[in-house]
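# An overview of the molecular structure
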Amino acid sequence: MPTDTTTTDTEATLEDCIDTAKTTIGSAWPLHSFVTANPLAGFEDRPFHEAAAEADRLFGSEGYPSADVFRAAWERGQIDPDRLDTELTDHGYDLAPEAALDRLAADDTDETEPNPHDRVDEILTKWLAAFLDQGQTDWAMPNREQGFYAAFRTVARHDGEIPNGDSIAALPDEPLAAIDSLLADYPTDQWERICEYQITALPGWAGLIKQQADSDDAWQSVHPISMEGYLAVRLAVADALGFSLEPPAHAEPTDTDGVPLAECWLTAWERSHRDELIEAISTASASLAASDDSGRPDAQLVFCIDTRSEIIRRHIESTGSYETHGYAGFFGVPIEYKSYTDDVTVDACPPMVDPAHRITERPSCGHDHDHDHSHEHATHDRWLEALHGGKQVIKKLKSNAATAFSFVETAGAGYGAALAGRTLIPNQLSKLVGGIDDRIPDTQAFCEPSVDYNPDGVHNLREGLLLDEKVEYAKTAFDLMGIEEFARLFVFTGHGSHTSNNPFDSSLDCGACAGNHGGPNARVIAAICNDEEVRAELRADGYDIPEETVFVAAEHNTTTDEIDLYAHDIPESHADDLDQLQADLEAAREGAAAERADQMDADRDGVTDTERRAADWAETRPEWGLAGNASFVIGPRELTAGYDLDGRAFLHSYDWSTDDEGEALAAIMAGPMVVTQWINTHYYFATVDTAAFGSGSKITQNPVGNVGVYQGNGGDLLTGLPLQSVMMADDEPYHQPLRLSTVIHAPLARVEEILEANAEVTELLDNNWLSLTVVDPTQDHTAFDYAGDLSWTPLDGDEVQPECEPTPVAAVADD
């Protein structure tokens with residue numbers, strides 16, 4: 001049968017239009033696994049100011065802080081006058097600071113273009129919420145297993161808001177064919193603009209659809225949705241309502257003329273912040289070269305590079321002879337994890353990395369150090385079954401029409417007392433409940449992660465790890481951090497938050513673990529490093545790990561700064577070391593909590609205040625999360641150990657002298673450096689325009705489908721951070737909206753080689769999505785600013801051009 005080449009060519013053109021159009025929206029992850037990503041990720045191939053202008057056209061968003069924010073920073077002395085003067089002059093602005101601020105204020109407008117497709121949006125959000133629900137509702141949308149487009153066609157005729165719903169049911173079975181028929185009356189050169197406008201009309205929902213289609217996770221495999229299917233439904237509804245599919249005039253592209261005035265102010269603010277950091281690191285670099293080894297520490301603790309770790313690390317170091325390190329919080333092992341108590345698995349690794357191993361938490365067999373775990377196992381299961389059974393009974397009583405009213409009448413007084421307690425005495429009630437919970441053994445007391453390879457495991461991923469994989473993960477961790485000496489206790493510390501009644505709780509958990517707690521990852525890497533076969537292989541390869549070194553897992557509660565050591569099976573020989581560490585961790589917690597309480601303007605002691613915030617179901621700001629993040633330092637801890645970085649810096653340990661081929665630095669720049677830029681831009685845009693890129697106030701939010709929130713009772717899915725995560729008040733930012741300043745302690749030539757081999761990172765730098773400064777210990781500790789196009793400017797001299805023929809860094813690739 002001959003092929004209809006016209007149809008084939010048309011569909012290819014249409015697919016290209018859709019693919020191009022959907023790059024304009026960033027992926028949005030479900031609320032239960034919140035990922036802080038750049039909402040303008042699709043524009044990272046353009047200069048920052050052009051991307052901001054394009055976002056304004058498409059979303060009506062602000063791309064820069066307001067004049068009032070710049071004025072406040074100027075009056076606080078956070079913007080150096082000389083830096084500002086240089087930026088204004090370089091970009092042709094002959095203005096005094098006050099005149100420049102006045103011009104910015106005059107340009108600040110709140111004009112909003114009318115939305116001609118309001119009715120389309122109202123209908124689409126209703127059905128998208130029903131289809132994309134992930135377990136919140138009891139009554140599911142019919143036929144979801146057929147996919148969104150097919151399911152919508154079956155229900156459209158029953159929606160009284162859609163005139164002639166039968167016409168939608170009569171559309172072609174395939175979404176692309178339906179789109180083709182709906183666009184038949186429009187010239188093909190308009191198709192891309194039409195697709196772009198329609199897809200960006202609801203960027204929150206479209207971003208979630210994009211992420212779901214790309215991830216192919218459990219929900220997507222059961223209830224599939226695609227951008228083509230969504231677009232077909234949207235065009236069909238608009239057509240049924242009689243709306244033109246063409247974008248309005250204000251949505252058409254316009255030229256961007258030069259660097260805007262706000263960009264000059266932003267860059268000057270960023271450089272002013274960076275100058276102080278670089279001066280401190282350059283000075284410390286010189287001192288580091290002249291210092292002697294301080295001896296073996298009592299313990300080493302590895303934390304996530306998360307900015308909140310900087311505070312607790314500083315306080316731990318002040319309590320004794322402790323050495324702390326920074327490493328991405330999944331500890332380099334990309335896993336899919338299933339806990340003993342959960343029915344579902346989670347991806348416990350960065351979103352840019354695919355899980356490679358399935359790890360299951362299972363009851364351990366036998367005894368550990370003369371301790372039988374069977375009692376804890378039985379007690380835990382008995383309590384769990386009782387609690388689960390009680391919850392199921394209550395749920396049935398509440399949802400059953402025959403019992404709902406009588407249940408409320410009978411149990412109302414008890415519920416009222418519980419509500420009063422949670423509101424008036426949240427801390428005391430939490431401790432009471434916690435006392436009951438303490439009677440239930442924690443799973444880590446009798447379970448182990450299935451780290452060893454299991455040939456009988458039947459899953460989408462192979463369960464466990466082979467010996468050579470374990471050895472490689474351990475090597476990578478030690479190499480990236482530059483660790484050559486090992487203490488008696490070596491603690492891998494994951495992190496997570498503990499809050500109450502907080503839809504955004506996963507936004508406070510470990511980003512490197514895809515919005516999950518990092519404790520399981522810490523247990524996996526600790527188990528790997530305690531494996532005798534692994535240690536034998538490491539010693540054979542030159543890693544001098546003493547027999548007495550014990551690797552321990554832990555989890556840092558970022559809300560209260562408690563650190564829970566998973567040390568139930570530690571040998572008796574290390575009991576005194578463990579007791580001392582636990583006592584010092586408690587002292588460090590008190591200092592860190594006091595610092596956090598001061599940031600919150602609390603009127604009580606730090607520990608009490610942080611515990612109340614964690615327990616209080618009415619608390620809209622249990623912690624600041626990563627608000628304030630502004631810099632990323634890649635280098636030895638000694639460079640920053642003497643400074644209070646105020647919880648504003650990501651810290652990744654790295655020692656250039658142990659990285660002969662530059663492979664470790666290349667991995668850090670390609671991975672953590674990109675992820676921290678995602679986090680930074682998410683916080684930046686949520687601060688400069690919380691309506692477009694955040695989610696507004698928690699007070700007026702309503703969760704929808706366990707995937708996001710609404711403001712009010714409908715509209716676009718709001719997937720960004722809430723106002724309380726970045727703002728002190730509606731018009732007063734707590735988070736200083738600055739792009740990320742990265743500082744690397746390494747030879748300049750090595751960094752040049754890596755950038756030559758990694759076009760993605762170089763593009764981010766060339767387009768001003770983040771900045772880079774290299775402090776070169778081989779060139780008298782001189783600092784070099786990246787000036788674009790692989791050229792550098794020493795902070796005390798002229799521009800430096802890249803070497804003509806840089807030596808390629810071994811094993812460096814763009815991916």
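Scope of this entry: the structure provided in the associated data block. Values in this document were obtained by computation on a predicted structure and should not be read as measured data.

What counts, and at which threshold
Residues numbered from 1 in each chain as written. Predicted model: local features only at pLDDT ≥ 70, side-chain atom pairs only at ≥ 80, totals over all residues. Heavy atoms only, no water. Helix = DSSP H or I, 4+ residues; strand = E, 2+ residues; numbered from the N terminus. Pairing = 2+ DSSP bridges. Axes fitted to C-alpha atoms, helices over the stretch in contact; angles between N-to-C directions. Contact = heavy atoms within 4.5 Å. Phe/Tyr/Trp six-rings, centres within 6.5 Å; stacked < 30°, edge-to-face > 60°. Buried < 20%, exposed > 50% of the residue type's maximum accessible area, 1.4 Å probe, protein only. Lys NZ or Arg CZ within 6 Å of the ring centre and 35° of its normal. Salt bridge = Lys/Arg side-chain N within 4 Å of Asp/Glu carboxyl O. Core = buried A, V, L, I, M, F, W, Y, C linked by side-chain atoms within 4.5 Å. Expected span 1.5 Å × (residues − 1). Polar contact = N/O pair within 3.5 Å; in protein donor to acceptor, adjacent residues only side chain to side chain.

The phi torsion at aspartate 789 lies on the positive side, around 55 degrees, for a residue other than glycine. Checked against the element boundaries, aspartate 789 lands in the loop between strand S20 (782–788) and strand S21 (791–794). Positive phi values are uncommon outside glycine, yet leucine 790 reaches one of about 60 degrees. Summarising the element assignment, leucine 790 is placed in the loop between S20 and S21.

One open sheet accounts for six strands, arranged S13-S12-S18-S19-S20-S21; its pairing is mixed. Where the open sheet ends on each side, the last strands, each with one partner, are strand S13 (649–652) and S21. Across the sheet, the mean angle separating the axes of adjacent strands is 25 degrees when strand polarity is ignored. Relative to S21, S20 is paired through four bridges, and the arrangement is antiparallel. Considered in S21, the bridge of tyrosine 786 is made with tryptophan 792. Strand contacts of helix H27 (residues 748–757): strand S18 (740–745), strand S19 (770–776), S20 and S21, with the helix running at about 145 degrees to S19, the strand carrying the most contacts.

Moving on, we get to the pairing of strand S14 (residues 701–704). Of the strand pairs in this sheet, S14 and strand S15 (residues 708–711) are connected by four bridges, and their pairing is antiparallel. The residue of S15 that forms the bridge with asparagine 702 is tyrosine 710. Counted between consecutive antiparallel strands, the loop separating S14 from S15 contains three residues, among which glycine 705 sits at a positive phi close to 60 degrees.

One open sheet holds the five strands; their spatial order is S2-S1-S9-S10-S11, and the pairing between them is mixed. Strand pairing shows two members of the sheet lacking a second neighbour, strand S2 (322–326) and strand S11 (563–566), which therefore form its edges. For this sheet the average axis-to-axis angle between neighbouring strands, irrespective of direction, equals 25 degrees. By the bridge criterion, four bridges tie strand S10 (residues 550–557) to S11 in an arrangement that is antiparallel. Among the inter-strand pairings, alanine 554 is bridged to a residue of S11, identified as leucine 565. Contacting strand S1 (299–303), S2, strand S9 (489–496), S10 and S11, helix H15 (residues 307–317) crosses the sheet at an angle of about 165 degrees to S2.

Turning our attention to the packing of aromatic side chains. Following the criterion strictly, the structure yields 28 aromatic pairs and no others. Summarising the aromatic geometry, the rings of tryptophan 127 and phenylalanine 152 are spaced 6.3 Å apart at their centres and angled 80 degrees between planes, so their arrangement reads as edge-to-face. Pair noted here: tryptophan 127 is in helix H6 (residues 118–132) and phenylalanine 152 is in helix H7 (residues 148–155), with a separation of 25 residues, a long-range link. For the pair shown, tryptophan 127 and phenylalanine 152 are each scored as buried. Grouped by ring-pair contacts, the aromatic residues Tyr327, Phe331, Phe478, Phe486, Phe490, Phe492, Tyr543 and Phe551 constitute a single cluster. Above the face of the tyrosine 566 ring, arginine 523 is positioned so that its terminal group lies 6.0 Å from the ring centre. Over the ring of phenylalanine 48 we find arginine 739; its NZ or CZ atom is 4.6 Å from the centre of that ring.

Right, let's talk about the pattern of salt bridges for a bit. Taken as a whole, this structure holds 43 salt bridges when the rule is applied. Glutamate 336 is the salt-bridge partner of arginine 358, the closest N and O atoms lying 3.4 Å from each other. Linking arginine 358 in strand S5 (residues 357–363) with glutamate 336 in strand S3 (residues 335–338), this pair joins segments that are 22 residues apart in sequence. With relative accessibility at 7%, the residue glutamate 336 sits in the buried group.

Our next topic: the nonpolar core. Grouped together as the largest cluster of nonpolar side chains are 124 residues, with contacts concentrated most on Phe478, Phe492, Val751 and Leu755. Among the elements that make up this core, the one with the highest residue count is helix H25 (residues 672–688) (ten residues). Counting residues in hydrophobic clusters, the runner-up holds 54 residues, among them Ala21, Ile168, Tyr186 and Leu717.

Along its twelve residues, helix H20 (residues 519–530) runs 16 Å from first to last C-alpha, staying within 8% of the 16 Å computed at 1.5 Å per residue. Extensive coverage of H20 is indicated by the burial of ten of its twelve residues. All of the buried residues in H20 are Gly519, Pro520, Asn521, Ala522, Arg523, Val524, Ile525, Ala526, Ile528 and Cys529.

Time to look at the side chain of glutamine 134. Here glutamine 134 shows up in the loop between H6 and H7. A polar atom in the side chain of glutamine 134 sits 3.5 Å from the side chain of tryptophan 219. Those residues in contact with glutamine 134 that lie beyond four places of it in its chain are Pro30, His32, Gln212, Trp219, Gly705, Asn706 and Val707.

Any functional reading would require information beyond the geometric quantities listed.
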